[in-house]
Amino acid sequence: MSDALLAEIFVGLMGLAVLVYAILDGYDLGVGILLPLDAHREVDRDRMIASIGPFWDANETWLVLAVGLLLIAFPKAHSLALYHLYLPTAFMLIGLILRGVAFDFRAKAHVDHKLGWDRTFKIGSILTALTQGYMLGLFVMGFDQSLPSIVFALVASFGVAAAFAYIGAAWLVWKAEGDLQKQAITWSKRAGRVAFIGVIAVCFVNLLVNPSVFAKWFEFPLVMFVLLIPSVCFCAFVLNEILLSRMPRQDDSYAWVSFLFVVTIFVCCFFGVAFSFFPDIVPGKMTIYESMSAPESLSFLLVGAVVVVPAIIGYTAFSYYVFRGKVNDLTYH
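Presented here is an overview of the structure given in this document. Because the structure is a prediction, the values reported are computed rather than measured. (Residues numbered from 1 in each chain as written. Predicted model: local features only at pLDDT ≥ 70, side-chain atom pairs only at ≥ 80, totals over all residues. Heavy atoms only, no water.)

## A word on the overall build of the protein chain
Then, number 1: Assigned secondary structure in the protein chain consists of 14 helices and 4 strands.
Then, number 2: Taking 333 residues into account, the globule formula puts the C-alpha radius of gyration at 20 Å, and the protein chain, at 20 Å, falls close to it.
Then, number 3: Dimensions of the protein chain, computed from C-alpha atoms along their principal axes, come out at roughly 55 × 40 × 40 Å.
Then, number 4: Split into buried and exposed, the 333 residues of the protein chain put 48% on the buried side.
Then, number 5: Partitioning the intrachain contacts of the protein chain with sequence separation of at least 6 by distance along the chain shows that 77% fall at a separation of at least 24. (Helix = DSSP H or I, 4+ residues; strand = E, 2+ residues; numbered from the N terminus. Rg over C-alpha atoms; globule rule 2.2 N^0.38 Å. Buried < 20%, exposed > 50% of the residue type's maximum accessible area, 1.4 Å probe, protein only. Contact = heavy atoms within 4.5 Å.)

And the structure:
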């Protein structure tokens with residue numbers, strides 16, 4: 001197997017892990033962001049937490065996998081990224097810790113303290129989403145530390161938080177019933193509009209500051225095919241808006257379609273970023289071929305990846321199959 005092919009296989013596995021993480025942990029972060037803190041809405045909070053309860057911890061497996069693949073397959077890129085992202089990574093870990101502690105303690109704490117732990121869960125979710133968006137913004141800017149790059153990263157942080165709220169609301173539209181589902185429809189409409197503006201802003205700035213990306217997207221005849229990505233993304237936004245305007249339906253049919261539309265948007269955005277920068281693993285600074293580990297090491301690690309990745313996919317799919325259906329009062333039916 002050639003060195004180039006090994007690098008492409010591992011960056012593909014890492015990309016898969018990032019995409020699945022963005023979708024799966026994205027919706028449970030979104031649910032945390034949307035968590036209402038009114039004292040009289042404890043039942044809604046319980047149902048929202050129950051909707052992600054069986055999945056949220058396992059969803060973070062994909063983040064561990066992505067970072068692990070970056071470390072073992074592209075150590076130079078890992079070192080460069082961590083050098084520039086040390087502080088936001090620390091804040092992200094604080095957010096994840098707050099979420100984990102709050103999730104467990106809210107079920108064990110005295111009733112008077114439960115709202116406090118719910119607030120902690122919401123703060124942890126917001127902090128995690130904002131820091132991940134900030135890191136994405138710096139990545140797009142090639143880890144440039146100038147003021148315009150930092151401003152763009154801050155805008156991207158709110159865009160990613162809105163996108164997570166969007167997919168979280170779509171998840172609740174699918175899994176919830178009654179008044180909570182109606183509230184989720186409203187949340188989804190609002191978050192979707194903010195996310196749409198964020199996607200447009202990121203695309204525009206990316207093309208503006210990276211001439212090579214602009215040339216890649218608008219090179220003829222490739223432009224006739226790659227423009228399908230933003231076209232599909234735009235259609236998914238529009239179709240989901242139309243669908244939400246006609247919900248809830250009495251028979252609750254098509255509730256899952258809203259989530260599918262948002263997943264489509266996430267997939268399109270991911271492939272748009274991947275197409276823009278491949279084969280760079282750090283935009284404008286390092287390619288996957290320059291940063292890859294020794295081919296002998298990657299050949300050995302590939303054997304483990306062939307076992308581990310399908311196993312993670314298998315137990316993830318199985319857990320979603322077991323806990324399928326609507327959530328209600330901390331139980332499933």
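## Section: the nonpolar core
Then, number 1: Phe74 and Ile281 are the most contacted members of the largest nonpolar core, which totals 91 residues.
Then, number 2: With 18 residues, helix α1 (residues 3–34) is the single largest residue contributor to this core.
Then, number 3: Apart from residues lying up to four places away in sequence, Ile281 is in contact with Met14, Leu70, Phe74, Ala77, Phe139, Met286, Thr287, Ile288 and Ser291. (Core = buried A, V, L, I, M, F, W, Y, C linked by side-chain atoms within 4.5 Å.)

## Overview of unusual backbone geometry
Then, number 1: With omega at 10°, the peptide bond leading from Phe278 into Pro279 counts as cis.
Then, number 2: Position of Pro279 among the secondary structure elements: in the loop between α12 (255–277) and β1 (280–282).
Then, number 3: The backbone of Phe143 shows a phi angle near 60°, a positive value even though the residue is not glycine.
Then, number 4: Tracing the backbone through its elements, the reader meets Phe143 in the loop between α6 (114–140) and α7 (147–175).

## Section: the packing of α1 against helix α4 (residues 61–73)
Then, number 1: Interhelical geometry of α1 versus α4 gives an angle of 155° and a closest axis separation of 8 Å. The angle between the axes of α1 and α4 places the two elements in the roughly antiparallel class. The handedness of the crossing between α1 and α4 is left-handed. For the pair α1 and α4, the contacting residues are Phe10, Leu13, Met14, Ala17, Val18, Val20, Tyr21 and Leu24 in the first and Trp62, Leu63, Leu65, Ala66, Leu69, Leu70 and Ala73 in the second.
Then, number 2: Residue composition of the contact of α1 with α4, by class: 15 nonpolar, no polar and no charged. (Axes fitted to C-alpha atoms, helices over the stretch in contact; angles between N-to-C directions. Parallel < 35°, antiparallel > 145°, perpendicular 65-115°, else oblique. Left-handed = near helix turned anticlockwise from the far one by under 90°. Nonpolar A, V, L, I, M, F, W, Y, C, P; charged D, E, K, R; others polar.)

## A closer look at the environment of Ser51
Then, number 1: Mapped onto the elements of the fold, Ser51 is located in helix α2 (residues 42–52).
Then, number 2: On the accessibility criterion, Ser51 (0% relative accessible area) is buried.
Then, number 3: For Ser51 and Ala90, which are 39 residues apart along the polypeptide, the C-alpha to C-alpha distance reads 28 Å.

## A closer look at helix α14 (residues 295–322)
Then, number 1: Across its 28 residues, α14 extends 40 Å between first and last C-alpha, which sits within 8% of the 40 Å expected from 1.5 Å per residue.
Then, number 2: If you look at α14, its biggest bend is around 30°, right at Gly304.
Then, number 3: Restricting attention to buried positions, one finds in α14 the residues Leu298, Leu302, Ala305, Val309, Ile312, Thr316 and Ser319.
Then, number 4: On its buried side, α14 packs onto α1 and α4. (Expected span 1.5 Å × (residues − 1). Bend = angle between axes of the 7 residues up to and from the residue.)

## As for the side chain of Glu60
Then, number 1: Following the sequence through the fold, Glu60 ends up in the loop between α3 (56–59) and α4.
Then, number 2: Buried Glu60, no salt bridge; nearest opposite-charge side chain is Arg99, N-O distance 4.2 Å.
Then, number 3: Non-local contacts of Glu60, meaning those with residues more than four positions away in its chain, are made with Tyr21, Asp25, Leu96 and Arg99. (Lys, Arg positive; Asp, Glu negative; His and termini not counted. Salt bridge = Lys/Arg side-chain N within 4 Å of Asp/Glu carboxyl O.)

## Some thoughts on the environment of Ala176
Then, number 1: Mapping Ala176 onto the fold places it in the loop between α7 and α8 (178–209).
Then, number 2: Each C-alpha atom, one on Ala176 and one on Pro54, is 15 Å from the other, the two residues being 122 residues apart in sequence.

## Remarks on the state of the cysteines
Then, number 1: Here the structure, examined in full by the defined rule, presents 0 disulfides.
Then, number 2: In this model Cys233 remains outside any disulfide bridge; the closest cysteine sulfur is found in Cys269, 4.2 Å from its own.
Then, number 3: Considering cysteine sulfurs only, Cys268 is the nearest to Cys235, which forms no disulfide, with 9.4 Å between them.
Then, number 4: For Cys235, a relative accessible area of 40% puts it in the partly exposed group. (Disulfide = S-S within 2.5 Å.)

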